[in-house]
Amino acid sequence: MKLNRILQGNVLDRLKDLPDRSIQCVVTSPPYWGLRDYGTAEWEGGDEDCKHKEKELRNDTSEKWKSMEETKGFQYKKECPECGAKRVDKQLGLEETPEEYVEKMVEVFRHIKRVLKHDGTVWLNLGDSYCGGKRKSNPKQSMNGEKETGHEIEYTPSRDMNHDIIKPKDLVGIPWRVAFALQQDGWYLRQDIIWHKPNPMPESVQDRCTKSHEYIFLLTKSAKYFYDNDAIRERTKESTLQRLNQNINKQSGSYTPSKGNGNMKAVGDLETGRNKRSVWKINTQPYKEAHFAVFPPELPELCIKAGSSEGDIVLDPFFGSGTTGWVAQRLGRKWIGIELNEEYIKIAEKRFQQRELFVA
Ligand SMILES: C[S@@+](CC[C@H](N)C(=O)[O-])C[C@H]1O[C@@H](n2cnc3c(N)ncnc32)[C@H](O)[C@@H]1O
């Protein structure tokens, strides 16, 4: 197996090229359901000169196309309403319903299970979306709400759909739907880590809180697995140490004597730190070349450090701009990426030539 490589193509096909139980750690962020179009669709048949090809972007508001957009979800249509061309697309995330998306994810993860070592871990990042109601993109704002920094965000046009249960304005709950489906398919669902983003996307909502978190699910194949908790310990706060080191027996005031136990058993000290908590506060970092959300390097770094040792192989089956591979390489791991879009592979390759990941 060739390592430190990006395999171009559909994840479902390319995973078949990897040997059984060869991967120690998977860190990935698949396309979220209904969030954005990664531009990999091709049209078959129809009229060569028809405008449908250039109308792929959903922020196209030209008059002619607008009427089609009003047919709702035109960008997901499998057929051009004007010339009858068929839209063929292997990308994930544009399924018509959450159920279809979940089904696809379960299928991908069956392949991942085959290539994952028995004691391997999967760190799956997923975000949620709302049903109905469209958020307009605002190209003048960056992810952290500042004025243009060169990174345009295509905001979620939340999905309109006819669904038995999910109503317009409902949170779809995609991350948990996927997590439970994977659990049902045999995965151990070990943890829901909250990725707290102190610089969330601005939202104009006034009847709920601004969303500032996503999930990272820790999934394993076996009950026992490789997890290096020491590699990601947190610094213990000075105030916590003082509290932990106090001698309760020598204190006056009301306390239950039987509970006095000398110095409380130190949960951590300044040198070793404390076990990593399940809320990770990490700023998003816009990257101007990629028109999609890229990992802030700290995120895959934590997953890779806890989930592998030097020399192990780390896989990201939705490689995008390659943050996982880049970080893995810096940490002395080997890596493999899978990516459908050839343009993103070029971006990833360019990034690998840079010393720093976020060069303006
Ligand atoms: C959220 S992005 C990943 C970003 C990445 N974590 C980074 O730091 O750059 C998801 C990626 O999945 C890719 N993708 C979508 N469908 C795919 C498929 N069927 N097979 C392989 N890659 C796919 C998209 O092209 C996109 O680059």
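Just so it is clear, the model here is predicted, and its values are computed rather than measured.

Details of the overall build of the chain
Phase 1 of the analysis: Of regular secondary structure, the chain possesses 8 helices and 10 strands.
Phase 2 of the analysis: For the chain, the proportion of contacts with a sequence separation of at least 24, taken over those separated by at least 6, is 74%.
Phase 3 of the analysis: Summed over its atoms, the accessible surface of the chain is roughly 18,900 Å², and 47% of this surface lies on carbon and sulfur atoms.

Digging into the site of the ligand
Phase 1 of the analysis: Taken together, 22 residues are adjacent to the ligand, and V11, K90, S321, T323 and E339 come closest.
Phase 2 of the analysis: Taking K90, its main chain carries an N or O atom lying 2.9 Å from a nitrogen atom of the ligand.
Phase 3 of the analysis: The contact in question runs from an oxygen atom of the ligand to an N or O atom on the side chain of S321, over 2.6 Å.
Phase 4 of the analysis: In the shell around the ligand, the residues fall into 12 nonpolar, 8 polar and 2 charged.

Digging into the side chain of Q24
Phase 1 of the analysis: One can find Q24 in strand β2 (residues 23–28).
Phase 2 of the analysis: Overall, the relative accessible area of 5% leaves Q24 in the buried class.
Phase 3 of the analysis: Among the polar contacts listed, one links the side chain of Q24 to the side chain of D119, at a separation of 3.3 Å.

Here we look at the nonpolar core
Phase 1 of the analysis: Counting 40 residues, the largest nonpolar core has L15, V108, F109, V122, L124, V178 and L315 as its most contacted members.
Phase 2 of the analysis: If you tally residues by element for this core, the top one is helix α3 (residues 98–115), at 8 residues.
Phase 3 of the analysis: Look past the residues within four positions of L315 in its chain and what remains in contact with it is L15, L18, I23, C25, V26, V27, V115, I336 and I338.
Phase 4 of the analysis: Within the second largest apolar cluster, 27 residues are counted, among which are L218, V327, A328 and L331.

Some points on the side chain of E203
Phase 1 of the analysis: As for its placement among the helices and strands, E203 is situated in the loop between β6 (188–196) and β7 (213–220).
Phase 2 of the analysis: Relative accessible area serves as the criterion here: at 16%, E203 is assigned to the buried category.
Phase 3 of the analysis: A distance of 3.0 Å separates a polar side-chain atom of E203 from the backbone nitrogen of K211.

A closer look at the pairing of strand β9 (residues 313–316)
Working note: regular strand, side chains alternate between the two faces of the sheet.
Phase 1 of the analysis: Residues I313 and L315 of β9 are buried on one face, and the alternating residues V314 and D316, pointing to the opposite face, are buried as well.
Phase 2 of the analysis: Where β2 meets β9, 2 bridges bridge the pair, whose relative direction is parallel. Following the sheet pairing, C25 is matched in β9 by V314.
Phase 3 of the analysis: Here β9 pairs with strand β10 (residues 334–339) via 4 bridges, running parallel. Of the residues in β10, the one forming a bridge with V314 is W335.
Phase 4 of the analysis: With helix α7 (residues 323–330) bridging β9 and the parallel β10, this β-α-β connection has right-handed handedness.

Thoughts on the pairing of β2
Phase 1 of the analysis: Within β2, 6 of the 6 residues are buried, which leaves it mostly tucked inside the rest of the structure.
Phase 2 of the analysis: Here 5 bridges tie β2 to strand β5 (residues 116–126), and the two strands are oriented parallel to one another. Bridge pairing in β5 links T28 to L124.

Quick notes on helix α6 (residues 298–307)
Phase 1 of the analysis: Of all the 10 residues making up α6, 7 are buried; the element is thus mostly covered by neighbouring parts of the structure.
Phase 2 of the analysis: Within α6, the full set of buried residues consists of L299, P300, L302, C303, I304, A306 and G307.

So, helix α4 (residues 174–184)
Phase 1 of the analysis: Restricting attention to buried positions, one finds in α4 the residues I174, P175, V178, A179, A181 and L182. Viewed end-on, α4 has its buried residues packed into an arc of 165°, placing them on one side of the element.
Phase 2 of the analysis: Buried residues in α4 make contact with α3, β5, β6 and β7.
Phase 3 of the analysis: Once α4 finishes, G186 follows within two positions and takes phi at roughly 110°, a positive value.

Looking at the pattern of salt bridges
Between side chains of opposite charge, a pair can form when the charged atoms approach closely.
Phase 1 of the analysis: Applying the stated criterion across every chain, the model contains 13 salt bridges.
Phase 2 of the analysis: With a closest N to O distance of 2.5 Å, E214 and K197 form a salt bridge. One end of the pair, E214, is in strand β7; the other, K197, is in the loop between β6 and β7, with 17 residues separating them in the sequence. Taken as a pair, E214 and K197 share a single burial class, namely buried.
Phase 3 of the analysis: Between D230 and R233 there is a salt bridge; the shortest N-O distance is 3.0 Å.
Phase 4 of the analysis: Shared partners join several salt bridges into a network, and the residues in it are E234, R274 and K276.

Procedures and definitions
- Residues numbered from 1 in each chain as written.
- Predicted model: local features only at pLDDT ≥ 70, side-chain atom pairs only at ≥ 80, totals over all residues.
- Heavy atoms only, no water.
- Helix = DSSP H or I, 4+ residues; strand = E, 2+ residues; numbered from the N terminus.
- Contact = heavy atoms within 4.5 Å.
- Areas by Shrake-Rupley, 256 points an atom, 1.4 Å probe, with all protein chains shown as cover.
- Near = heavy atom within 4 Å.
- Polar contact = N/O pair within 3.5 Å; in protein donor to acceptor, adjacent residues only side chain to side chain.
- Nonpolar A, V, L, I, M, F, W, Y, C, P; charged D, E, K, R; others polar.
- Buried < 20%, exposed > 50% of the residue type's maximum accessible area, 1.4 Å probe, protein only.
- Core = buried A, V, L, I, M, F, W, Y, C linked by side-chain atoms within 4.5 Å.
- Pairing = 2+ DSSP bridges.
- Right-handed = clockwise from strand over helix to strand, strands pointing away.
- Arc of directions from axis to C-beta.
- Salt bridge = Lys/Arg side-chain N within 4 Å of Asp/Glu carboxyl O.

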